[in-house]
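Listed below, chain by chain, are the residues.
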Amino acid sequence: MSSKPEPKDVHQLNGTGPSASPCSSDGPGREPLAGTSEFLGPDGAGVEVVIESRANAKGVREEDALLENGSQSNESDDVSTDRGPAPPSPLKETSFSIGLQVLFPFLLAGFGTVAAGMVLDIVQHWEVFQKVTEVFILVPALLGLKGNLEMTLASRLSTAANIGHMDTPKELWRMITGNMALIQVQATVVGFLASIAAVVFGWIPDGHFSIPHAFLLCASSVATAFIASLVLGMIMIGVIIGSRKIGINPDNVATPIAASLGDLITLALLSGISWGLYLELNHWRYIYPLVCAFFVALLPVWVVLARGSPATREVLYSGWEPVIIAMAISSVGGLILDKTVSDPNFAGMAVFTPVINGVGGNLVAVQASRISTFLHMNGMPGENSEQAPRRCPSPCTTFFSPDVNSRSARVLFLLVVPGHLVFLYTISCMQGGHTTLTLIFIIFYMTAALLQVLILLYIADWMVHWMWGRGLDPDNFSIPYLTALGDLLGTGLLALSFHVLWLIGDRDTDVGD
(Lines give C-alpha, C1' and ligand atoms only; values in the text may rest on other atoms or scores of the structure.)
Protein backbone atom coordinates (compact mmCIF):
# COMPACT_ATOMS: atom_id res chain seq x y z
CA MET A 1 0.00 0.00 0.00
CA SER A 2 2.82 2.41 0.77
CA SER A 3 4.32 2.65 -2.66
CA LYS A 4 6.70 5.47 -3.47
CA PRO A 5 5.12 8.79 -4.40
CA GLU A 6 4.29 9.56 -7.97
CA PRO A 7 6.29 12.37 -9.65
CA LYS A 8 3.27 14.66 -9.31
CA ASP A 9 3.17 14.04 -5.58
CA VAL A 10 6.88 14.69 -5.33
CA HIS A 11 6.36 18.12 -6.90
CA GLN A 12 3.66 18.88 -4.36
CA LEU A 13 5.90 17.86 -1.48
CA ASN A 14 8.50 20.32 -2.67
CA GLY A 15 5.98 23.17 -2.91
CA THR A 16 6.26 23.45 -6.68
CA GLY A 17 4.00 22.69 -9.56
CA PRO A 18 4.87 20.77 -12.67
CA SER A 19 5.44 23.98 -14.59
CA ALA A 20 8.35 24.90 -12.34
CA SER A 21 10.28 21.79 -13.22
CA PRO A 22 13.71 22.56 -14.62
CA CYS A 23 13.82 19.39 -16.68
CA SER A 24 12.30 21.08 -19.68
CA SER A 25 14.61 22.89 -22.01
CA ASP A 26 14.26 26.73 -21.83
CA GLY A 27 16.19 27.45 -24.95
CA PRO A 28 18.83 26.25 -27.36
CA GLY A 29 22.16 25.29 -25.93
CA ARG A 30 20.76 24.39 -22.49
CA GLU A 31 21.62 20.84 -21.39
CA PRO A 32 18.70 18.91 -19.90
CA LEU A 33 19.14 17.85 -16.30
CA ALA A 34 19.46 14.18 -15.53
CA GLY A 35 16.19 12.46 -14.76
CA THR A 36 15.52 11.43 -11.23
CA SER A 37 14.89 7.78 -12.16
CA GLU A 38 18.63 7.27 -12.69
CA PHE A 39 19.30 7.94 -9.01
CA LEU A 40 16.42 6.05 -7.39
CA GLY A 41 17.08 2.89 -5.49
CA PRO A 42 14.53 0.38 -4.26
CA ASP A 43 13.40 2.70 -1.46
CA GLY A 44 14.89 6.00 -2.64
CA ALA A 45 11.84 8.22 -2.35
CA GLY A 46 13.71 10.57 -0.04
CA VAL A 47 16.57 10.87 -2.49
CA GLU A 48 14.10 11.78 -5.21
CA VAL A 49 12.66 14.61 -3.13
CA VAL A 50 16.11 16.10 -2.48
CA ILE A 51 17.16 15.87 -6.10
CA GLU A 52 13.93 17.43 -7.32
CA SER A 53 14.19 20.25 -4.76
CA ARG A 54 17.72 21.08 -5.85
CA ALA A 55 16.73 20.95 -9.48
CA ASN A 56 13.78 23.24 -8.88
CA ALA A 57 15.95 25.69 -6.97
CA LYS A 58 18.48 25.61 -9.77
CA GLY A 59 15.79 26.31 -12.34
CA VAL A 60 14.46 29.25 -10.32
CA ARG A 61 17.96 30.72 -10.08
CA GLU A 62 18.38 30.37 -13.83
CA GLU A 63 15.06 32.06 -14.51
CA ASP A 64 15.80 34.86 -12.05
CA ALA A 65 19.19 35.46 -13.63
CA LEU A 66 17.61 35.70 -17.08
CA LEU A 67 14.93 38.08 -15.88
CA GLU A 68 17.46 40.22 -14.01
CA ASN A 69 19.76 40.54 -16.99
CA GLY A 70 16.82 41.31 -19.26
CA SER A 71 17.86 38.96 -22.06
CA GLN A 72 17.64 35.30 -23.06
CA SER A 73 21.24 34.19 -23.36
CA ASN A 74 22.67 31.06 -24.92
CA GLU A 75 25.17 30.44 -22.13
CA SER A 76 25.69 26.97 -20.78
CA ASP A 77 23.95 25.68 -17.69
CA ASP A 78 27.09 25.85 -15.56
CA VAL A 79 27.64 29.52 -16.36
CA SER A 80 24.03 30.52 -15.68
CA THR A 81 23.99 28.91 -12.24
CA ASP A 82 27.46 29.76 -10.97
CA ARG A 83 27.15 33.48 -11.72
CA GLY A 84 24.30 35.51 -10.25
CA PRO A 85 22.69 38.61 -11.68
CA ALA A 86 25.37 41.10 -12.58
CA PRO A 87 24.80 44.53 -10.96
CA PRO A 88 25.46 47.69 -12.94
CA SER A 89 29.13 48.53 -13.03
CA PRO A 90 30.06 51.62 -11.00
CA LEU A 91 31.61 54.46 -12.92
CA LYS A 92 35.42 54.28 -12.87
CA GLU A 93 36.52 57.58 -11.37
CA THR A 94 39.89 58.86 -10.25
CA SER A 95 40.48 61.64 -7.75
CA PHE A 96 41.25 63.98 -10.62
CA SER A 97 38.06 63.13 -12.51
CA ILE A 98 35.96 63.51 -9.34
CA GLY A 99 37.54 66.88 -8.57
CA LEU A 100 37.19 68.06 -12.15
CA GLN A 101 33.49 67.19 -12.31
CA VAL A 102 32.72 68.62 -8.86
CA LEU A 103 34.81 71.82 -9.14
CA PHE A 104 32.68 73.82 -11.57
CA PRO A 105 29.30 73.03 -9.92
CA PHE A 106 30.90 73.64 -6.51
CA LEU A 107 32.13 77.09 -7.52
CA LEU A 108 28.81 77.85 -9.18
CA ALA A 109 26.97 76.83 -6.02
CA GLY A 110 29.38 78.85 -3.91
CA PHE A 111 28.81 82.00 -5.92
CA GLY A 112 25.09 81.37 -5.52
CA THR A 113 25.51 81.34 -1.75
CA VAL A 114 27.66 84.48 -1.95
CA ALA A 115 24.88 86.20 -3.88
CA ALA A 116 22.37 84.98 -1.27
CA GLY A 117 24.58 86.35 1.49
CA MET A 118 24.79 89.71 -0.23
CA VAL A 119 21.01 89.76 -0.59
CA LEU A 120 20.55 88.94 3.11
CA ASP A 121 23.09 91.61 4.02
CA ILE A 122 20.91 94.14 2.17
CA VAL A 123 17.41 93.01 3.16
CA GLN A 124 18.27 92.67 6.86
CA HIS A 125 17.77 96.45 7.02
CA TRP A 126 14.31 96.35 5.43
CA GLU A 127 11.40 97.34 7.62
CA VAL A 128 9.79 93.90 7.46
CA PHE A 129 12.98 92.29 8.84
CA GLN A 130 13.24 94.97 11.51
CA LYS A 131 9.61 94.84 12.65
CA VAL A 132 8.97 91.11 12.14
CA THR A 133 12.31 89.70 13.26
CA GLU A 134 10.97 86.13 13.15
CA VAL A 135 11.57 86.27 9.38
CA PHE A 136 15.25 85.65 10.19
CA ILE A 137 14.25 82.32 11.77
CA LEU A 138 12.62 81.36 8.46
CA VAL A 139 15.83 81.99 6.50
CA PRO A 140 17.82 78.81 7.40
CA ALA A 141 14.64 76.69 7.44
CA LEU A 142 13.57 77.76 3.94
CA LEU A 143 17.10 77.79 2.55
CA GLY A 144 17.38 74.32 4.02
CA LEU A 145 14.52 73.21 1.79
CA LYS A 146 17.14 72.70 -0.92
CA GLY A 147 18.53 69.98 1.34
CA ASN A 148 15.16 68.66 2.41
CA LEU A 149 13.58 68.63 -1.04
CA GLU A 150 15.66 69.73 -4.02
CA MET A 151 18.88 67.94 -3.04
CA THR A 152 16.91 64.85 -2.07
CA LEU A 153 15.15 65.05 -5.44
CA ALA A 154 18.51 65.43 -7.20
CA SER A 155 19.98 62.47 -5.32
CA ARG A 156 16.91 60.31 -5.99
CA LEU A 157 16.86 61.11 -9.70
CA SER A 158 20.65 60.74 -10.02
CA THR A 159 20.46 57.26 -8.54
CA ALA A 160 17.53 56.35 -10.80
CA ALA A 161 19.42 57.62 -13.86
CA ASN A 162 22.62 55.75 -12.95
CA ILE A 163 20.87 52.40 -12.43
CA GLY A 164 18.82 52.72 -15.64
CA HIS A 165 15.37 53.64 -14.31
CA MET A 166 15.05 56.71 -16.56
CA ASP A 167 16.14 55.23 -19.89
CA THR A 168 12.74 55.04 -21.59
CA PRO A 169 10.41 58.01 -22.17
CA LYS A 170 7.65 56.32 -20.17
CA GLU A 171 9.88 55.75 -17.15
CA LEU A 172 11.26 59.28 -17.46
CA TRP A 173 7.81 60.89 -17.53
CA ARG A 174 6.61 58.82 -14.58
CA MET A 175 9.65 59.80 -12.52
CA ILE A 176 9.25 63.50 -13.39
CA THR A 177 5.54 63.83 -12.62
CA GLY A 178 5.70 61.77 -9.44
CA ASN A 179 8.73 63.56 -8.02
CA MET A 180 7.52 67.06 -8.92
CA ALA A 181 4.17 66.41 -7.27
CA LEU A 182 5.91 64.94 -4.22
CA ILE A 183 8.13 67.96 -3.60
CA GLN A 184 5.13 70.30 -3.93
CA VAL A 185 3.35 68.38 -1.17
CA GLN A 186 6.46 68.43 0.99
CA ALA A 187 7.20 72.10 0.28
CA THR A 188 3.70 73.21 1.27
CA VAL A 189 3.66 71.21 4.49
CA VAL A 190 7.23 72.03 5.51
CA GLY A 191 6.72 75.72 4.70
CA PHE A 192 3.67 75.79 6.96
CA LEU A 193 5.49 73.99 9.78
CA ALA A 194 8.51 76.30 9.42
CA SER A 195 6.27 79.32 9.97
CA ILE A 196 4.85 77.72 13.12
CA ALA A 197 8.39 77.04 14.37
CA ALA A 198 9.36 80.66 13.65
CA VAL A 199 6.36 81.94 15.60
CA VAL A 200 7.11 79.65 18.56
CA PHE A 201 10.85 80.40 18.64
CA GLY A 202 10.11 84.12 18.36
CA TRP A 203 7.48 84.02 21.09
CA ILE A 204 9.38 81.98 23.70
CA PRO A 205 12.24 84.46 24.42
CA ASP A 206 10.12 87.64 24.28
CA GLY A 207 6.74 86.39 25.43
CA HIS A 208 5.08 88.50 22.72
CA PHE A 209 2.69 87.05 20.16
CA SER A 210 1.12 88.91 17.23
CA ILE A 211 -1.61 87.23 15.18
CA PRO A 212 -1.10 89.42 12.06
CA HIS A 213 2.62 88.69 12.18
CA ALA A 214 1.90 84.97 12.51
CA PHE A 215 -0.31 85.01 9.41
CA LEU A 216 2.32 87.07 7.57
CA LEU A 217 4.98 84.47 8.41
CA CYS A 218 2.71 81.62 7.35
CA ALA A 219 1.76 83.15 4.00
CA SER A 220 5.33 84.18 3.21
CA SER A 221 6.78 80.80 4.14
CA VAL A 222 4.26 78.65 2.25
CA ALA A 223 4.35 80.78 -0.90
CA THR A 224 8.15 80.92 -0.91
CA ALA A 225 8.54 77.17 -0.37
CA PHE A 226 6.03 76.28 -3.08
CA ILE A 227 7.38 78.59 -5.81
CA ALA A 228 11.04 77.90 -5.06
CA SER A 229 10.54 74.12 -5.09
CA LEU A 230 8.65 74.31 -8.38
CA VAL A 231 11.37 76.33 -10.12
CA LEU A 232 14.31 74.41 -8.67
CA GLY A 233 12.68 71.04 -9.31
CA MET A 234 12.36 71.77 -13.02
CA ILE A 235 15.98 72.95 -13.12
CA MET A 236 17.12 69.72 -11.42
CA ILE A 237 15.32 67.52 -13.91
CA GLY A 238 16.93 69.35 -16.82
CA VAL A 239 20.40 69.11 -15.25
CA ILE A 240 20.16 65.37 -14.62
CA ILE A 241 18.84 64.55 -18.08
CA GLY A 242 21.48 66.75 -19.70
CA SER A 243 24.35 65.37 -17.64
CA ARG A 244 23.48 61.80 -18.59
CA LYS A 245 23.38 62.70 -22.27
CA ILE A 246 26.85 64.24 -22.22
CA GLY A 247 28.36 61.44 -20.11
CA ILE A 248 28.77 63.19 -16.73
CA ASN A 249 27.87 61.49 -13.45
CA PRO A 250 24.74 63.34 -12.19
CA ASP A 251 25.80 62.72 -8.58
CA ASN A 252 28.73 65.10 -9.06
CA VAL A 253 26.80 68.02 -10.54
CA ALA A 254 23.11 67.80 -9.65
CA THR A 255 23.21 68.58 -5.94
CA PRO A 256 25.65 71.53 -6.20
CA ILE A 257 23.65 73.09 -9.01
CA ALA A 258 20.50 72.59 -6.91
CA ALA A 259 22.17 74.80 -4.33
CA SER A 260 23.76 77.27 -6.74
CA LEU A 261 20.45 78.95 -7.47
CA GLY A 262 18.54 77.49 -4.52
CA ASP A 263 19.74 79.90 -1.84
CA LEU A 264 19.50 82.95 -4.06
CA ILE A 265 16.06 82.16 -5.47
CA THR A 266 14.62 81.17 -2.09
CA LEU A 267 15.98 84.19 -0.24
CA ALA A 268 14.92 86.60 -2.99
CA LEU A 269 11.41 85.11 -2.98
CA LEU A 270 11.17 85.23 0.81
CA SER A 271 12.30 88.85 0.92
CA GLY A 272 10.04 89.99 -1.90
CA ILE A 273 6.93 88.11 -0.79
CA SER A 274 7.27 89.06 2.89
CA TRP A 275 7.87 92.70 1.95
CA GLY A 276 4.87 92.78 -0.38
CA LEU A 277 2.60 91.19 2.22
CA TYR A 278 3.94 93.48 4.93
CA LEU A 279 2.87 96.52 2.90
CA GLU A 280 -0.71 95.22 3.10
CA LEU A 281 -0.55 94.66 6.86
CA ASN A 282 -2.76 97.62 7.71
CA HIS A 283 -5.06 97.48 4.67
CA TRP A 284 -5.76 93.95 3.41
CA ARG A 285 -5.00 91.64 6.32
CA TYR A 286 -7.41 89.00 5.06
CA ILE A 287 -5.07 88.36 2.13
CA TYR A 288 -2.74 86.38 4.44
CA PRO A 289 -5.17 83.52 5.21
CA LEU A 290 -6.30 83.54 1.56
CA VAL A 291 -2.73 82.94 0.38
CA CYS A 292 -2.35 80.07 2.85
CA ALA A 293 -5.72 78.58 1.87
CA PHE A 294 -4.88 78.70 -1.85
CA PHE A 295 -1.72 76.61 -1.53
CA VAL A 296 -3.31 74.21 0.96
CA ALA A 297 -6.24 73.67 -1.47
CA LEU A 298 -3.76 72.43 -4.10
CA LEU A 299 -2.47 69.68 -1.81
CA PRO A 300 -4.99 66.98 -2.88
CA VAL A 301 -3.97 67.42 -6.54
CA TRP A 302 -0.28 66.87 -5.75
CA VAL A 303 -1.07 63.94 -3.47
CA VAL A 304 -3.00 62.15 -6.23
CA LEU A 305 -0.17 62.67 -8.73
CA ALA A 306 2.50 61.53 -6.28
CA ARG A 307 0.54 58.39 -5.39
CA GLY A 308 0.33 57.46 -9.06
CA SER A 309 4.10 56.83 -9.26
CA PRO A 310 5.53 53.75 -7.53
CA ALA A 311 8.86 55.55 -7.08
CA THR A 312 7.31 58.30 -4.92
CA ARG A 313 4.36 56.54 -3.29
CA GLU A 314 6.48 55.15 -0.47
CA VAL A 315 8.19 58.49 0.14
CA LEU A 316 4.80 60.21 0.26
CA TYR A 317 3.82 58.05 3.21
CA SER A 318 7.12 57.45 5.00
CA GLY A 319 9.38 60.35 4.00
CA TRP A 320 8.05 62.99 6.38
CA GLU A 321 10.19 62.29 9.41
CA PRO A 322 13.52 63.46 7.94
CA VAL A 323 12.19 66.67 6.33
CA ILE A 324 10.27 67.73 9.44
CA ILE A 325 13.12 66.99 11.86
CA ALA A 326 15.57 68.68 9.49
CA MET A 327 13.32 71.74 9.36
CA ALA A 328 13.32 71.88 13.17
CA ILE A 329 17.13 71.59 13.28
CA SER A 330 17.52 74.38 10.72
CA SER A 331 15.09 76.55 12.69
CA VAL A 332 17.41 76.31 15.71
CA GLY A 333 20.14 77.69 13.47
CA GLY A 334 17.69 80.41 12.46
CA LEU A 335 17.16 81.28 16.11
CA ILE A 336 20.93 81.73 16.49
CA LEU A 337 20.96 83.95 13.40
CA ASP A 338 18.01 85.99 14.72
CA LYS A 339 19.80 86.69 18.00
CA THR A 340 23.18 87.56 16.46
CA VAL A 341 22.44 89.39 13.22
CA SER A 342 21.29 92.57 14.99
CA ASP A 343 24.21 92.58 17.45
CA PRO A 344 27.00 95.00 16.40
CA ASN A 345 29.55 92.57 17.79
CA PHE A 346 28.42 90.01 15.19
CA ALA A 347 28.50 92.30 12.16
CA GLY A 348 28.96 90.21 9.05
CA MET A 349 26.96 87.20 10.23
CA ALA A 350 24.23 87.94 7.68
CA VAL A 351 26.52 87.74 4.64
CA PHE A 352 28.73 84.84 5.78
CA THR A 353 26.05 82.52 7.18
CA PRO A 354 24.54 81.47 3.80
CA VAL A 355 28.06 80.92 2.44
CA ILE A 356 29.40 78.64 5.16
CA ASN A 357 26.09 76.78 5.47
CA GLY A 358 25.70 76.41 1.72
CA VAL A 359 29.23 75.16 1.05
CA GLY A 360 29.06 72.57 3.83
CA GLY A 361 25.63 71.38 2.74
CA ASN A 362 26.66 71.17 -0.92
CA LEU A 363 29.75 69.06 -0.25
CA VAL A 364 28.08 66.61 2.13
CA ALA A 365 25.12 66.23 -0.22
CA VAL A 366 27.48 65.23 -3.05
CA GLN A 367 29.14 62.64 -0.81
CA ALA A 368 25.86 61.20 0.47
CA SER A 369 24.48 60.95 -3.05
CA ARG A 370 27.62 59.17 -4.27
CA ILE A 371 27.61 56.63 -1.41
CA SER A 372 23.91 55.96 -1.94
CA THR A 373 24.39 55.36 -5.66
CA PHE A 374 27.32 53.02 -4.93
CA LEU A 375 25.18 50.98 -2.54
CA HIS A 376 22.21 50.86 -4.93
CA MET A 377 24.47 49.39 -7.62
CA ASN A 378 25.16 46.40 -5.38
CA GLY A 379 21.71 45.59 -4.04
CA MET A 380 18.67 46.97 -2.30
CA PRO A 381 18.41 48.67 1.12
CA GLY A 382 18.62 46.13 3.93
CA GLU A 383 20.28 43.40 1.86
CA ASN A 384 23.48 41.76 3.03
CA SER A 385 26.07 42.39 0.35
CA GLU A 386 29.82 42.77 0.09
CA GLN A 387 29.36 46.46 0.92
CA ALA A 388 27.95 45.66 4.37
CA PRO A 389 26.76 48.66 6.38
CA ARG A 390 29.34 49.94 8.85
CA ARG A 391 27.86 50.74 12.24
CA CYS A 392 30.76 52.84 13.48
CA PRO A 393 33.40 53.64 10.86
CA SER A 394 36.68 55.07 12.05
CA PRO A 395 37.82 58.47 10.70
CA CYS A 396 40.77 56.71 9.05
CA THR A 397 38.37 54.44 7.16
CA THR A 398 36.25 57.39 6.09
CA PHE A 399 39.08 59.56 4.78
CA PHE A 400 42.12 57.36 4.12
CA SER A 401 40.90 54.01 2.76
CA PRO A 402 41.53 53.19 -0.93
CA ASP A 403 37.86 52.85 -1.94
CA VAL A 404 36.17 55.37 -4.21
CA ASN A 405 33.96 56.89 -1.48
CA SER A 406 36.96 57.65 0.72
CA ARG A 407 38.71 59.13 -2.31
CA SER A 408 35.76 61.44 -2.98
CA ALA A 409 35.67 62.46 0.70
CA ARG A 410 39.31 63.58 0.47
CA VAL A 411 38.65 65.49 -2.74
CA LEU A 412 35.61 67.27 -1.28
CA PHE A 413 37.46 68.15 1.93
CA LEU A 414 40.37 69.62 -0.03
CA LEU A 415 37.98 71.92 -1.88
CA VAL A 416 36.97 73.74 1.32
CA VAL A 417 39.93 76.11 1.76
CA PRO A 418 40.45 77.23 -1.87
CA GLY A 419 36.70 77.51 -2.37
CA HIS A 420 36.14 79.67 0.70
CA LEU A 421 39.14 81.86 -0.17
CA VAL A 422 37.56 82.60 -3.54
CA PHE A 423 34.19 83.33 -1.93
CA LEU A 424 35.69 85.55 0.79
CA TYR A 425 37.62 87.50 -1.84
CA THR A 426 34.43 87.95 -3.85
CA ILE A 427 32.57 89.25 -0.79
CA SER A 428 35.45 91.62 -0.03
CA CYS A 429 35.45 92.97 -3.58
CA MET A 430 31.70 93.56 -3.36
CA GLN A 431 32.20 95.32 -0.01
CA GLY A 432 29.74 93.08 1.81
CA GLY A 433 29.60 91.95 5.39
CA HIS A 434 30.76 95.12 7.19
CA THR A 435 33.86 93.10 8.17
CA THR A 436 37.51 93.63 7.32
CA LEU A 437 39.10 90.41 6.07
CA THR A 438 42.19 90.34 8.26
CA LEU A 439 44.46 87.30 8.59
CA ILE A 440 43.12 86.35 12.01
CA PHE A 441 39.52 86.56 10.79
CA ILE A 442 40.33 84.31 7.81
CA ILE A 443 42.05 81.78 10.12
CA PHE A 444 39.06 81.59 12.45
CA TYR A 445 36.62 81.44 9.55
CA MET A 446 38.56 78.65 7.80
CA THR A 447 38.84 76.69 11.02
CA ALA A 448 35.08 76.80 11.45
CA ALA A 449 34.50 75.81 7.81
CA LEU A 450 36.99 72.91 7.88
CA LEU A 451 35.62 71.59 11.16
CA GLN A 452 32.06 71.79 9.81
CA VAL A 453 32.84 69.83 6.62
CA LEU A 454 35.03 67.30 8.44
CA ILE A 455 32.21 66.47 10.86
CA LEU A 456 29.61 66.36 8.09
CA LEU A 457 31.59 63.99 5.85
CA TYR A 458 32.19 61.59 8.74
CA ILE A 459 28.53 61.67 9.77
CA ALA A 460 27.51 61.09 6.15
CA ASP A 461 29.67 57.96 5.93
CA TRP A 462 28.10 56.57 9.08
CA MET A 463 24.53 57.71 8.45
CA VAL A 464 24.16 56.49 4.86
CA HIS A 465 25.48 53.01 5.69
CA TRP A 466 23.46 52.86 8.90
CA MET A 467 20.23 53.77 7.09
CA TRP A 468 21.04 51.28 4.35
CA GLY A 469 21.43 48.52 6.94
CA ARG A 470 18.02 49.37 8.40
CA GLY A 471 16.35 49.08 5.00
CA LEU A 472 15.91 52.85 4.50
CA ASP A 473 16.75 54.49 1.19
CA PRO A 474 19.51 57.05 1.92
CA ASP A 475 18.42 59.16 -1.06
CA ASN A 476 15.21 59.97 0.80
CA PHE A 477 16.39 60.05 4.41
CA SER A 478 20.04 61.08 4.76
CA ILE A 479 20.45 64.38 2.90
CA PRO A 480 17.78 66.34 4.86
CA TYR A 481 19.47 65.45 8.15
CA LEU A 482 22.95 66.20 6.82
CA THR A 483 22.15 69.60 5.30
CA ALA A 484 20.20 70.61 8.41
CA LEU A 485 23.17 69.63 10.58
CA GLY A 486 25.32 71.67 8.18
CA ASP A 487 23.11 74.72 8.80
CA LEU A 488 23.26 74.28 12.57
CA LEU A 489 27.01 73.58 12.66
CA GLY A 490 27.80 76.39 10.25
CA THR A 491 25.74 79.01 12.06
CA GLY A 492 26.90 77.88 15.49
CA LEU A 493 30.60 77.67 14.64
CA LEU A 494 30.47 81.00 12.79
CA ALA A 495 28.77 82.70 15.75
CA LEU A 496 31.41 81.19 18.07
CA SER A 497 34.18 82.48 15.82
CA PHE A 498 32.70 85.98 15.79
CA HIS A 499 32.36 85.87 19.57
CA VAL A 500 36.01 84.87 20.02
CA LEU A 501 37.06 87.61 17.59
CA TRP A 502 35.07 90.12 19.64
CA LEU A 503 36.81 88.95 22.81
CA ILE A 504 40.19 89.39 21.13
CA GLY A 505 39.29 92.98 20.30
CA ASP A 506 38.44 95.26 17.38
CA ARG A 507 42.06 96.33 17.16
CA ASP A 508 43.07 92.95 15.70
CA THR A 509 40.03 92.06 13.63
CA ASP A 510 38.27 95.33 12.80
CA VAL A 511 34.97 93.49 13.16
CA GLY A 512 32.11 95.94 13.09
CA ASP A 513 33.77 98.56 10.88
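One structure accompanies this document, and this report is about it. (Residues numbered from 1 in each chain as written. Predicted model: local features only at pLDDT ≥ 70, side-chain atom pairs only at ≥ 80, totals over all residues. Heavy atoms only, no water.)

**Examining the state of the cysteines**
Move 1: Counted under the stated rule, the structure contains 0 disulfides.
Move 2: The thiol of cysteine 292 is not disulfide-bonded; the next cysteine sulfur, from cysteine 218, is found 3.2 Å away. (Disulfide = S-S within 2.5 Å.)

**Let's talk about the nonpolar core**
Move 1: Formed by 55 residues in total, the largest nonpolar core has its most connected members in Leu120, Leu138, Val139, Leu216 and Leu217.
Move 2: Excluding residues within four positions of it along the chain, leucine 120 makes contact with Phe136, Val139, Leu267, Leu337, Ala350 and Pro354.
Move 3: Counting residues in each nonpolar core, the second largest holds 36 residues, with Phe346, Leu457, Leu494 and Leu501 among its members. (Core = buried A, V, L, I, M, F, W, Y, C linked by side-chain atoms within 4.5 Å. Buried < 20%, exposed > 50% of the residue type's maximum accessible area, 1.4 Å probe, protein only. Contact = heavy atoms within 4.5 Å.)

**So, the packing of helix H6 (residues 135–143) against helix H9 (residues 211–245)**
Move 1: Taken N-terminus to C-terminus, the directions of H6 and H9 make an angle of 20°; their axes are 11 Å apart at the nearest point. By the criterion of interaxial angle, the relationship of H6 to H9 is roughly parallel. Note that H6 runs across H9; the crossing there is right-handed. Contacts between H6 and H9 involve Val135, Leu138 and Leu142 from the first element and Leu217, Ser221, Thr224 and Ala225 from the second.
Move 2: Its residues assigned to classes, the contact of H6 with H9 comprises 5 nonpolar, 2 polar and no charged. (Axes fitted to C-alpha atoms, helices over the stretch in contact; angles between N-to-C directions. Helix = DSSP H or I, 4+ residues; strand = E, 2+ residues; numbered from the N terminus. Parallel < 35°, antiparallel > 145°, perpendicular 65-115°, else oblique. Left-handed = near helix turned anticlockwise from the far one by under 90°. Nonpolar A, V, L, I, M, F, W, Y, C, P; charged D, E, K, R; others polar.)

**Overview of the packing of aromatic side chains**
Working definition: an aromatic ring pair is given by the centre-to-centre distance plus the angle between the planes.
Move 1: As enumerated under the stated definition, the model contains 15 aromatic pairs in all.
Move 2: Ring plane angle 65° and centroid distance 6.5 Å describe the contact between phenylalanine 399 and phenylalanine 413, whose orientation is recorded as edge-to-face. On the criterion of sequence distance, the pair formed by phenylalanine 399 in helix H16 (residues 395–400) and phenylalanine 413 in helix H17 (residues 404–414) is long-range, its members being 14 residues apart.
Move 3: According to the relative accessible area criterion, phenylalanine 399 is buried, its value standing at 8%.
Move 4: Given the relative accessible area of 24%, phenylalanine 413 is considered partly exposed.
Move 5: Through a chain of ring-to-ring contacts, the aromatic side chains of Phe226, Phe294, Phe295 and Trp302 assemble into a single cluster. (Phe/Tyr/Trp six-rings, centres within 6.5 Å; stacked < 30°, edge-to-face > 60°.)

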